[in-house]
Amino acid sequence: MDAEILDPVIVEQVRAVIARIPAGRVATYGDVADISRAPSARMVGRVLQNGHDLPWQRVLRANGTCAPHLADEQLSLLAAEGVPSVEGKVDLRKYRWEEAVPEQPDEPQLGLF
C-alpha cells in the first residue's frame, strides 16, 4: 500500500495527530490510528514513510520500542527531548502522550445482572 493511494483525508488526519504529539511525549502507532480514526496502525506507518516533516520519532511500537532500522536515530532524538530509553525501550506509562491514554472508568463496571 503506497501513501499515494491512501485516502487523502485519512492521511491528513494521521498527519495532524502526529504533529500534535508534544516534545517529551510519545504515542504508539495504534494510538495515532485510534485518535485519527485511521483503519490500522500499519497505515500510520505508511503515512510516516513520507512524513519526514513530522515529529516521527515520537511514534513507537505498542511495546515502547522503535523499528530496528530507525532505533539509534529515533532514540537519540527522543533522548534530546527528555525521553530516555532503557535497553532500547521507552516507558510508555511515564512518557505516553496524555491524549493517547485511554480513559479509565472512575468505578468498576458492573455487569447488567
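Bear in mind the structure is a predicted one, so any value in this text is a computation, not a measurement. (Residues numbered from 1 in each chain as written. Predicted model: local features only at pLDDT ≥ 70, side-chain atom pairs only at ≥ 80, totals over all residues. Heavy atoms only, no water.)

### Looking at the overall build of the protein chain
At step 1: Secondary structure assignment for the protein chain yields 5 helices and 2 strands.
At step 2: Seen in sequence order, the protein chain has helices and strands lined up from the N terminus as α-β-α-α-β-α-α.
At step 3: When each of the 113 residues of the protein chain is scored for burial, the buried share is 38%.
At step 4: When contacts within the protein chain are restricted to residue pairs at least 6 apart in sequence, those whose partners lie at least 24 apart make up 63%.
At step 5: Accessible area of the protein chain: about 7400 Å², with a carbon and sulfur share of 52%. (Helix = DSSP H or I, 4+ residues; strand = E, 2+ residues; numbered from the N terminus. Buried < 20%, exposed > 50% of the residue type's maximum accessible area, 1.4 Å probe, protein only. Contact = heavy atoms within 4.5 Å. Areas by Shrake-Rupley, 256 points an atom, 1.4 Å probe, with all protein chains shown as cover.)

### Comments concerning the pattern of salt bridges
At step 1: For the structure shown, the criterion picks out 7 salt bridges.
At step 2: The partner of Glu-99 in a salt bridge is Arg-20, and the shortest N-O contact between them spans 2.6 Å. Residue Glu-99 is found in the segment after α5 (92-95), and its partner Arg-20 is found in helix α1 (residues 8-20); the two are separated by 79 residues along the sequence.
At step 3: Across the salt bridge formed by Arg-25 and Glu-98, the nearest N and O atoms sit 3.0 Å from each other. Residue Arg-25 is found in the loop between α1 and β1 (27-28), and its partner Glu-98 is found in the segment after α5; the two are separated by 73 residues along the sequence.
At step 4: With relative accessibility at 23%, the residue Arg-25 sits in the partly exposed group.
At step 5: Within the structure, one salt-bridge network assembled from shared partners comprises Glu-12, Arg-15 and Asp-53. (Salt bridge = Lys/Arg side-chain N within 4 Å of Asp/Glu carboxyl O.)

### Describing the side chain of Gln-74
At step 1: Relative to the helices and strands, Gln-74 resides in helix α4 (residues 71-80).
At step 2: Residue classification places Gln-74 among the buried residues on the basis of a relative accessible area of 2%.
At step 3: For Gln-74, the contacting residues outside a window of four places in its chain are Trp-56, Gln-57, Val-59, Leu-60, Cys-66 and Ala-67.

### Observations regarding the nonpolar core
At step 1: Ranked by size, the top nonpolar core spans 20 residues in total, and within it Val-14, Ile-18, Val-32, Val-44 and Leu-48 carry the most contacts.
At step 2: Of all the elements in the fold, those that place two or more residues in this core are α1, α2 (29-36) and α3 (41-49).
At step 3: Tallying contributions element by element places α1 first for this core, with 5 residues.
At step 4: Those residues in contact with Leu-48 that sit more than four places away from it in its chain are Ile-18, Tyr-29, Leu-54, Trp-56 and Val-59.
At step 5: If you look at the next biggest cluster of nonpolar residues, it comprises 10 residues, including Val-26, Ala-71, Leu-78 and Val-83. (Core = buried A, V, L, I, M, F, W, Y, C linked by side-chain atoms within 4.5 Å.)

### Examining the packing of α2 against α3
At step 1: Across the interface, α2 lies against α3 with an axial gap of 8 Å and an inter-helix angle of 95°. When the axes of α2 and α3 are compared, the pair comes out roughly perpendicular. Counted together, Tyr-29, Gly-30, Val-32 and Ala-33 of α2 and Ala-41, Val-44, Gly-45 and Leu-48 of α3 form the full contact between these two elements.
At step 2: Of the residues that constitute the contact of α2 with α3, the class distribution is 6 nonpolar, 2 polar and no charged. (Axes fitted to C-alpha atoms, helices over the stretch in contact; angles between N-to-C directions. Parallel < 35°, antiparallel > 145°, perpendicular 65-115°, else oblique. Nonpolar A, V, L, I, M, F, W, Y, C, P; charged D, E, K, R; others polar.)

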